[in-house]
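Remarks on the overall topology
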Amino acid sequence: MAADAAKSQASVAFGPFRLDGRKRLLEKDGAPVALGSRAMDVLIVLVERAGEVVSKKELTTRVWPNVTVDESGLRVHVAALRKALGDGRNGARYVTNVSGRGYSFVAPVAAVRPTPQAPIAPSPEPPTSLPRPLGRMIGRDSAVHEISTRLAAHRFVTLHGPGGIGKTTVAIAVAHAELSAFANEVAFVDLAAIGDSALVGSAVATLLGVAVRSGDPLPALLNFLRSRRMLLVLDSCEHVIDSVARLAEAIFREASEVSLLATSREMLRVEGEHVCRVPALETSPLQGTLGAPELLAFPAERLFVERAAASGHEIESNDANATIVAEICRKLDGNALAIELAAAHLGVHGLPTLAELLDSRLRLLWQGRRTAPTRHQTLHSMLDWSHNLISDTERAVLRRLSILVGSFTLQAAEGVAAFPVADQSIDVSEMVEAIEQLVAKSLVQANTGEVRPRYRLLDTMRAYARAKLADSDEEAKVARRHATFFRTFLEQSKAERTRRAAMDDRGIDVSSLLGNVLAALDWCFSEGGDAALSVELAAAAAPFLFSLSLFDKCRRWTERALEMLDAAQLGSAIEMELQAYFGHSLMMTSGSERVSAALERAREIANARGAKVDEFRILHRLHSYYVRTRESARCTECALRMKALAAEIGDPIGQAAAHVILGTSHHLEGDQAKARFHFEASLTLVGDAQPIDPHHFAFHSQPPVGLCRVLWLQGYPDQALKLAGDIADVPLSDVDPVSSAIKLIWTATFYRWMGDWAMVDKQVERLVAYTAKHFMVAHRNVGLGFMGDRMIQHGRIDEGISLLRRSIARMDADRYRTYLFRSALAHGLAAAGDGKEAMGEIDEAIDIADSLGTRFTFPELLRIKGEICAGQNDARQAQSLFERAFAMAGEQSALSWQLRIATSMVRLAGKRGNAATARKLLADTYGRFTEGFATADLQAAKQLLESTAHSRR
């Protein structure tokens, strides 16, 4: 009976809820409840069959006709329905899941009888002037309800928005929803067919059957409407806006029982008007990892899928297809007409090709429904309709604005649009007025919620206007002004030093700035571009591209610009900047020997120009490169020059940075005492000092990561661990990704020394993800090397050896030379029983360290070689290597190396039956420690001392 009631009555009630299935309206205690279109469909079906079990197959068939949807999509909407109903809260139960069968609506359902009213004799059929509504309208249910509510409260509502957004569709749906409220007295006037604004009044009078006996139809029309209660829909007002405005205002004033609903790309701006902007269909967010059910639940994507199915091309519901559909809908800005036109061409092109074609002018010519109004047959005709309604000045500004990518400010608009070309001269005031008119007419979108308002052209309008610009004789002029504006903008941003603050203050977001910069570079370096401007723009863009970790793009454009330098630019600040960023980006992408040549040339120019801050910055990059190539002598040379420059500049942060560089150099050379002095001096200098130029110095006030390594080597494991933990907790920086990547590599190495493999895994996981995000190929290869090392530690010897070989080969190609992974490979080969090849790898690691002057690694490398010799039963050679390593570690103040070496010596002596001397050496070394007794090496030494003591007894 409940099901019969739900079917036969307009409204049913359950708990505090009232459901009107015909109006698709759910209310709780009289207030509307927001519910998605699909969830509403599910509710209506379940209430129709209240008390029965509705199978999941039947539900999906009813809710998604002609569309293939998996069960997870249904679960998403059932969950949304339960949440809206408060199912399960305070004991309320509405929808239950019957395992293996489907869903059931279990709450009691009662028919709601309408309140008795005075009898109305409605027309048997809707008015003939009112078009039939769409068989299925997607994503507009809440909008229809909201507009109906506004209409009841204010009598006069204008639906405002760009062409194709769905204003007419929504207006027709509202009109049908209001038929009973107005006793079928609804008139729909399609003004699109009227070309002469003087005929607007006559057209309305003719539709209403009003006899007009004078040249002015308004008096007769008002006399007719004063005694009427009706809804008058005026559709497509923009091309006759002035006449419609006068008529609508007069009707609002004189006919108090008449409600007005207008649709227009431009507001009427008259008394009584309440504007309701019709938004684009909601599309899925660009960021996120949504699956097919979630993606295809968004209205824009749902419309595309259903229109494609209606055209005979069903889309298989999987994540790959859903991602492409979402991309298409975002490219079309959620514009309903554009989505319908694109979906209709799916069968010709297929999803991937269709997405690519959206970037061409072809999409503007796609044909739509034959029965659609002429202005909606294609996107081009729709946009032509709007374009023909604006002034020549507005057309010129619109096509010039099309050169801008993404959102833009009035400042950027002025840069590209306010200038004379031939007989079309536009000054700033005219440009601002034109933009105001374009916004009012829905041709330009405005976001006034920012500190500085931003504007943008929807993608379809931008493609249309861009085609108009290409067909004009001013394209090259506009492109040159566009490139010049962003060159100047980047130069000023660099002068202000704080990149993000400068962009936010100027009202340009990073993604829009990037799009414009890349577009400007493409034009400048093209055949018809500007050679002189291209070099200047590449130099200005290089810091910005590098700061976004776009190393390939930075390298590409700086390299091309260097090839185009003329004689006057050699030795200039522009060449210095290009060489510096070319070298640095090359280091991040390939690490070829051209890196040092480019950076040394940049340093030479900076020195010759007396640009001390620039020279300091370039030296910092050179030092990073020489650290990678393990050329410690050159590291020290760079560090000493940086220290002298920092003193000359007089910046304490710069001096602190120089101390860190010197500390790093001494650490690599094996002088841990000097290294510790410089690291600690850097912390003393930082204090509360503010840097003159933090981006040049690339320095952070956090403790230098090298200090924890030095503390461990000197025998202070607990202090080192605390410091390393503090450093590891600092969030990674997206502003300076190079420093963050190096920090991860050095902390991973430190935790490997400590034997804390859990922390190694954590740091390596962060390193691989972070370097992949920033396209730092060379540093990502280091992460792969750590993963190979870890496999060997877990006993996956063959896999670890294979991965280490690949990692080492890639790092060698990038000149990223490191002892660590060759020694790890030697260890793995020895474990695999290949002692000869293991010996070759460890000798190669020692040779590299020796040639590069990386002396701090020698004690450990010699110890590993001794272990390999011991495994080959060459005890004499092993003992000699251990003794040499122990002495060298002592010279470097590396107590932790000595402990590890002494432990190896005890193990070797135990095999030879003469452990007393070795045991005493280990006991003495262990006794020099004052902390760190819970760490891996000290625990191993303690256990070995206890076991050998037991053996002696």
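Structure shown above.
Within each chain, residue numbers correspond to sequence positions counted from 1 in written order. Restriction of local features to residues with pLDDT of at least 70 applies here, the model being predicted, together with a cutoff of 80 or more for giving and counting side-chain atom pairs; totals for whole chains, interfaces and linings are based on all residues. Excluding hydrogens and water, the side-chain figures rest on all heavy atoms present in the structure.

1. Details of the overall build of the protein
Counted only if it meets this: The helix count covers DSSP runs of H or I at least four residues long, the strand count covers runs of E at least two residues long, and both are numbered beginning at the N terminus. Buried means the residue's accessible area, taken with a 1.4 Å probe over protein chains only, is under 20% of the maximum for its type, while exposed means over 50%, and partly exposed covers the values in between. Any two residues whose heavy atoms approach within 4.5 Å at even a single point are treated as in contact. Using the Shrake-Rupley algorithm and a 1.4 Å probe, accessible areas are obtained, with residue cover drawn only from the displayed protein chains.
Looking only at helices and strands, one finds 45 helices and 17 strands in the protein. Looking at the protein residue by residue over its 953 residues, the buried ones come to 56%. Counting only contacts in the protein whose residues sit at least 6 apart along the sequence, the fraction spanning at least 24 positions is 67%. For the protein, the exposed area adds up to about 40,600 Å²; of that, 50% sits on carbon and sulfur atoms.

2. Thoughts on unusual backbone geometry
Within the chain, Ser236 stands out as a residue other than glycine whose phi angle is a positive 65 degrees. Within the secondary structure layout, Ser236 lies in the loop between β11 (230–235) and α9 (241–254). Phi at Arg269 is positive, roughly 60 degrees, even though this residue is not glycine. By the element assignment, Arg269 lies in the loop between β12 (258–264) and β13 (274–277). For Arg269, a relative accessible area of 55% puts it in the exposed group.

3. Concerning a negative patch on the surface
Threshold: Patch building starts from residues that exceed 30% relative accessible area and form no salt bridge, then joins like charges within 9 Å and nonpolar side chains (Val, Leu, Ile, Met, Phe, Trp, Tyr) within 5 Å. Any carboxyl oxygen of Asp or Glu within 4 Å of a side-chain nitrogen of Lys or Arg constitutes a salt bridge here. When charges are counted, neither His nor the chain ends are considered; positive counts come from Lys and Arg and negative counts from Asp and Glu. Note that the charge is assigned to NZ on lysines, CZ on arginines, CG on aspartates and CD on glutamates.
On the surface, Asp427, Glu430, Glu433 and Glu436 cluster together into a patch of negative charge. With respect to the helices, strands and loops of the structure, Glu430 is situated in helix α19 (residues 428–440).

4. Regarding the side chain of Asp141
Positionally, Asp141 belongs in helix α5 (residues 141–154). For Asp141, the residues in contact, after removing those within four places along its chain, are Arg24 and Ser37.

5. Re the nonpolar core
We apply this condition: Buried Ala, Val, Leu, Ile, Met, Phe, Trp, Tyr and Cys residues that are joined via side-chain atoms within 4.5 Å together make up what is termed a nonpolar core.
Counting residues in each nonpolar core, the largest one holds 173 residues, and the members touching the most others are Val397, Leu401, Leu521, Leu545 and Phe786. The greatest single-element share of this core, amounting to 11 residues, is contributed by helix α24 (residues 531–547). The residues contacting Leu401, other than those within four sequence positions of it, are Phe408, Ala413, Val416, Ala417, Ile435, Val444 and Leu457. With 33 residues, the next largest nonpolar core counts Leu232, Cys237, Val244 and Leu247 among its residues.

6. Structural notes on the packing of aromatic side chains
Inclusion rule: Between rings of Phe, Tyr and Trp, where Trp is taken as its six-membered ring, a pair exists when centres lie within 6.5 Å; planes separated by under 30 degrees are stacked, by over 60 edge-to-face, and by other angles tilted. Charge over a ring is defined by NZ of Lys or CZ of Arg lying within 6 Å of the ring centre and within 35 degrees of the ring normal.
On inspection of all chains with the given rule, the structure shows 19 aromatic pairs. Judged by centre distance (5.9 Å) and plane angle (65 degrees), the rings of Phe546 and Tyr581 are edge-to-face. In this pair, Phe546 sits in helix α24 while Tyr581 sits in helix α26 (residues 573–589), placing the two residues 35 residues apart along the sequence. The residue whose ring lies beneath Arg855 is Phe858, and the NZ or CZ to ring-centre distance is 5.8 Å.

7. Regarding the environment of Cys554
By the element assignment, Cys554 lies in helix α25 (residues 551–563). With relative accessibility at 1%, the residue Cys554 sits in the buried group. Each C-alpha atom, one on Cys554 and one on Phe544, is 8.7 Å from the other, the two residues being 10 residues apart in sequence. In this view, Cys554 contacts Ala542, Leu545, Phe546, Tyr581 and Ser585; residues no more than four positions away in its chain are not counted.

8. Topic: helix α11 (residues 299–310)
Definition in use: Here the expected length of a helix is defined as 1.5 Å per residue gap, with one fewer gap than residues.
Over its 12 residues, α11 runs 16 Å from end to end, which matches the ideal 16 Å to within 8%, given 1.5 Å per residue. Of all the 12 residues making up α11, 11 are buried; the element is thus mostly covered by neighbouring parts of the structure. Among the residues of α11, Pro299, Ala300, Glu301, Arg302, Leu303, Phe304, Val305, Glu306, Arg307, Ala308 and Ala309 are the ones counted as buried. Residue Gly312 follows α11 closely and has a positive phi angle near 95 degrees.

9. Regarding the sheet that holds strand β4 (residues 31–32)
Applied cut-off: A pair of strands counts as paired when DSSP detects no fewer than two bridges linking them.
Reading across from one edge, β4-β3-β2-β1-β8 is the order of the 5 strands in this open sheet, with antiparallel pairing throughout. A single partner strand is all that each edge strand has here, and the edge strands are β4 and β8 (110–111).

10. Side note on the packing of α5 against helix α6 (residues 167–177)
Applicable threshold: Under this scheme, a helix contributes an axis fitted over its contacting stretch, all axes are lines through C-alpha atoms, and angles between N-to-C directions fall in the 0 to 180 degree range. Each crossing is labelled by how the near helix is turned from the far one, with a counterclockwise turn of less than a right angle marking it left-handed and a clockwise turn marking it right-handed. Gly falls in the polar group here, along with every residue not listed as nonpolar (Ala, Val, Leu, Ile, Met, Phe, Trp, Tyr, Cys, Pro) or charged (Asp, Glu, Lys, Arg).
Contact geometry for α5 and α6: axes closest at 9 Å, N-to-C directions at 60 degrees. Relative to α6, α5 is oriented so that their crossing is right-handed. Here Val144, Ile147, Ser148 and Leu151 of α5 lie close against α6, whose contacting residues are Val170, Ala173, Val174 and Ala177. Looking at the contact of α5 with α6, its residues break down into 7 nonpolar, 1 polar and no charged.

11. Comments concerning the pattern of salt bridges
Throughout the structure, instances matching the rule amount to 42 salt bridges. A salt bridge links Arg265 to Glu238; its shortest N-O distance comes to 3.8 Å. Of this pair, Arg265 sits in the loop between β12 and β13 while Glu238 sits in the loop between β11 and α9, and the two are 27 residues apart along the sequence. What makes Arg265 buried here is its relative accessible area of 4%. Taking the shortest distance from any N to any O, the salt bridge between Asp843 and Lys865 comes out at 2.8 Å. With Asp843 in helix α40 (residues 835–852) and Lys865 in helix α41 (residues 858–871), this pair connects stretches of sequence that are 22 residues apart. Via salt bridges that share partners, Glu600, Arg603, Glu615, Glu637 and Arg641 belong to a single interconnected network.

So, to be careful, I would describe these as geometric facts and stop short of saying anything about function.
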